[in-house]
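Below are the chains, spelled out letter by letter.
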Amino acid sequence: MVEDLEPGSADAGVPAHFGDPMREQRLLETGVGLVDRSNREVIAVPGAERAGWLHTLTSQHLSALTANEASELLVLSPNGHIEQHAFVTEDGTAAWLDTEPGAGAGLLKYLEMMRFFTQVEPREATAEIAVLSLVGPDAAALFPDLAAPRVSPVPATRFAAGSVPPQPTSLYSVRPFEGGLARRVPLGVDLLVPRSAKAAVVEKLGVAPAGLWAYEAVRVAHRIPRLGWETDHRTIPAEIELMATSVHLEKGCYRGQETVARVHNLGRPPRRQVLLHLDGVATDHPPARGTAVELDGRAVGFVGTAVRHHELGMVALAVLKRNVPDDARLTVGESAAAIDAD
């Protein structure tokens, strides 16, 4: 039985599960499963000056990005708040940016505003390209020539340690395959395929399907944040776990860089992302995105993604004030919550 996500959901249009979400979770954590993430929105950026142009507009070092490489990037507000997050995949003729459902129009509008006289032609490409994800430890065996992701550690602050060595760009290996592009990422391998060929690619791979519920549970367990779920209008990169993958601290000027540099050099961002263990939550009614997290009756943060995990039980990624202690007994609605400090 295939169950799609409900109309009106941010993830509407892709399968929620295929009859047994817990089994699908175990498959994604012990083997490999294929997840339809074709609800992601895609922007194509062809043009001779695309790499340098994207480099100047975003948080990532992209001026040297070449064919068969990929990375992640952020678009920040002038005050350093996260406005956009996307994967960027370069195939030698264009850069393909895939982002969250509902975020593509805003990202494209910003790119079009910043074109000026640059030789780039950004366009909406969601109708052209679909994203599929092979998730699990066995995903790499299906594309053995893809190198493991190189995720750059965030260097020690200059404030604490003086000068620091140059930070390498976080890079994901890419290669063309029959039907599209394969991109090695931390949870497995993403496939960017023409929508017209999606069914044929799925059939040829022959990998057992898993729904988005299982994917989200694995994402939460790995503490990977999602734009619009673990972010709000005030979120800065240092508060959530996107610094290592999406921010280069040794590159030139870009919008919002002053906030990134100041918080990195002085430390202690105002909030932090945590994994919460929830007690007393009905398994079929996890707290909604944005639900307040309280300490002694006072709101100290919000829930991003809450899921039922096959081993951890009901858990949630949340963003809390920095001064909330690790051993605090929190509440989410009527339920108790505890921070996973590991």
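Up top is the structure.
Note that this is a predicted model, so its numbers are computed, not measured.

## Structural notes on the layout of surface pockets
Thinking step 1. Roughly 480 Å³ of volume is contained in the second largest pocket.
Thinking step 2. Lining the second largest pocket are 33 residues, with Phe-87, Tyr-215, Arg-219, Ile-224 and Pro-225 positioned closest to its centre.
Thinking step 3. For the lining of the second largest pocket, the leading source of residues is helix α7 (residues 212-221), giving four residues.
Thinking step 4. Of the residues that constitute the lining of the second largest pocket, the class distribution is 16 nonpolar, six polar and 11 charged.

## A closer look at the sheet that holds strand β18 (residues 329-332)
Thinking step 1. Reading around the barrel, the six strands line up as β14-β17-β16-β15-β18-β19 and close back on themselves, with antiparallel pairing between neighbours. Across the sheet, the mean angle separating the axes of adjacent strands is 40° when strand polarity is ignored.
Thinking step 2. Direction of pairing for strand β16 (residues 298-309) relative to strand β17 (residues 313-321): antiparallel, over a ladder of eight bridges. The partner of His-309 across the bridge, within β17, is Gly-313.
Thinking step 3. Strand contacts of α7: β14 (271-279), β16 and β17, with the helix running at about 130° to β16, the strand carrying the most contacts.

## Some thoughts on the sheet that holds strand β4 (residues 41-46)
Note on sheets: strands pair through backbone hydrogen bonds, and any given pair is parallel or antiparallel.
Thinking step 1. As summarised here, the arrangement of the 11 strands in space is β8-β4-β7-β6-β5-β10-β11-β12-β9-β3-β13, forming an open sheet in which the pairing is mixed. At either end of the open sheet lies a strand with only one pairing partner, and these are β8 (123-124) and β13 (209-210).
Thinking step 2. In this structure, strand β5 (residues 69-76) lies alongside strand β10 (residues 172-177), joined through two bridges in antiparallel fashion. When the bridges of β10 are listed, Glu-69 appears paired with Ser-173.
Thinking step 3. Seen against the sheet, helix α3 (residues 104-113) touches β4, β5, β6 (82-90), β7 (94-99) and β8 and runs at an angle of roughly 20° to β4.

## A word on unusual backbone geometry
Thinking step 1. The backbone of Arg-268 sits at a positive phi, close to 55°, despite the residue not being glycine.
Thinking step 2. Turning to its location among the elements, Arg-268 is positioned in the loop between α9 (257-266) and β14.
Thinking step 3. For Asp-296, which is not glycine, the phi dihedral falls at a positive 55°.
Thinking step 4. Along the polypeptide, Asp-296 turns up in the loop between β15 (292-295) and β16.

## A closer look at the packing of helix α1 (residues 21-30) against α7
Thinking step 1. As a packed pair, α1 and α7 sit with axes 8 Å apart at the nearest point and diverge in direction by 50°. If you check the angle between α1 and α7, you find them oblique. Crossing geometry of α1 relative to α7 is assigned as right-handed. Only Trp-213, Ala-214, Tyr-215, Ala-217, Val-218 and Ala-221 of α7 make contact with α1, whose side of the interface consists of Pro-21, Glu-24, Gln-25, Leu-28 and Glu-29.

## Topic: the pattern of salt bridges
Thinking step 1. One pass over the full model with this rule turns up 22 salt bridges.
Thinking step 2. Linking Arg-255 and Glu-83 is a salt bridge whose minimum nitrogen-to-oxygen distance equals 2.8 Å. With a gap of 172 residues between them, Arg-255 in the loop between α8 (243-246) and α9 and Glu-83 in strand β6 connect regions that are remote in the sequence.
Thinking step 3. The partner of Glu-216 in a salt bridge is Arg-219, with the nearest N and O atoms 2.7 Å apart. Residue Glu-216 and its partner Arg-219 are both found in helix α7; the two are separated by three residues, about one turn of the helix. One exposure class covers both Glu-216 and Arg-219, and it is buried.
Thinking step 4. What you see here is one network of salt bridges that share partners, running through Asp-11, Arg-37, Arg-40, Asp-98, Glu-100, Arg-183, Asp-190, Glu-216, Arg-219, Arg-226 and Glu-230.

## Here we look at α1
Thinking step 1. Considered for burial, the residues of α1 that qualify are Pro-21, Met-22, Glu-24, Gln-25, Leu-27 and Leu-28.
Thinking step 2. The secondary structure elements touched by the buried residues of α1 are β2 (15-17), β3 (33-36), β9 (129-135), β13, α7 and β16.

## Considerations on the nonpolar core
Thinking step 1. Val-45, Leu-54, Val-88, Leu-97 and Leu-111 are the most contacted members of the largest nonpolar core, which totals 19 residues.
Thinking step 2. Here the element with the most residues in this core is α3; it accounts for four residues.
Thinking step 3. In this structure Leu-97 touches Glu-41, Val-42, Ile-43, Val-45, Leu-54, Ala-86, Phe-87, Val-88, Leu-107 and Leu-111, once residues within four positions along its chain are discounted.
Thinking step 4. Ranked by size, the runner-up nonpolar core spans 18 residues in total, among them Leu-276, Leu-278, Leu-330 and Ile-339.

What counts, and where the lines are drawn
- Each chain has its residues counted from 1, following the order in which its sequence is written.
- Side-chain atom pairs in this predicted model are given and counted only at pLDDT of 80 or more, local residue features only at pLDDT of at least 70, and totals for whole chains, interfaces and linings cover all residues.
- Where side-chain values are given, they derive from all heavy atoms of the structure, hydrogens and water being excluded.
- A pocket here means an open set of points on a 1 Å grid, computed over the protein atoms alone, that has protein on both sides within 12 Å along at least five of seven lines. A cavity is instead a set of points where a 1.4 Å probe fits but cannot get out; residues with an atom within 4 Å of a point line either one.
- Grid points are joined across faces, edges and corners, and a volume is the space filled by probe spheres set on the points.
- Strands are runs of DSSP state E lasting at least 2 residues, helices are runs of H or I lasting at least 4, and numbering of each runs from the N terminus.
- Residues are grouped as follows: Ala, Val, Leu, Ile, Met, Phe, Trp, Tyr, Cys and Pro are nonpolar; Asp, Glu, Lys and Arg are charged; every other residue, Gly included, is polar.
- Strands qualify as paired when DSSP identifies two bridges or more between them.
- For every element, the axis is a line fit to its C-alpha atoms; helices are fit only across the contacting stretch, and the angle between N-to-C directions ranges from 0 to 180 degrees.
- Working rule for contacts: check all heavy atoms of both residues, and any pair within 4.5 Å makes them a contact.
- Throughout, the term roughly parallel applies to angles under 35 degrees, roughly antiparallel to angles over 145, roughly perpendicular to angles from 65 to 115, and oblique to all others.
- By convention, the crossing between two helices is left-handed when the near helix turns anticlockwise from the far helix through less than a right angle, and right-handed when the turn is clockwise.
- Throughout this description, the term salt bridge denotes a Lys or Arg side-chain nitrogen within 4 Å of a carboxyl oxygen of Asp or Glu.
- To sort residues, take the accessible area from a 1.4 Å probe on protein chains only and compare it with the maximum for the residue type: under 20% means buried, over 50% means exposed, and anything in between is partly exposed.
- What we call a nonpolar core is a set of buried Ala, Val, Leu, Ile, Met, Phe, Trp, Tyr and Cys residues that are connected through their side-chain atoms within 4.5 Å.

All quantities given are derived from atomic positions and should not be read as evidence of function.
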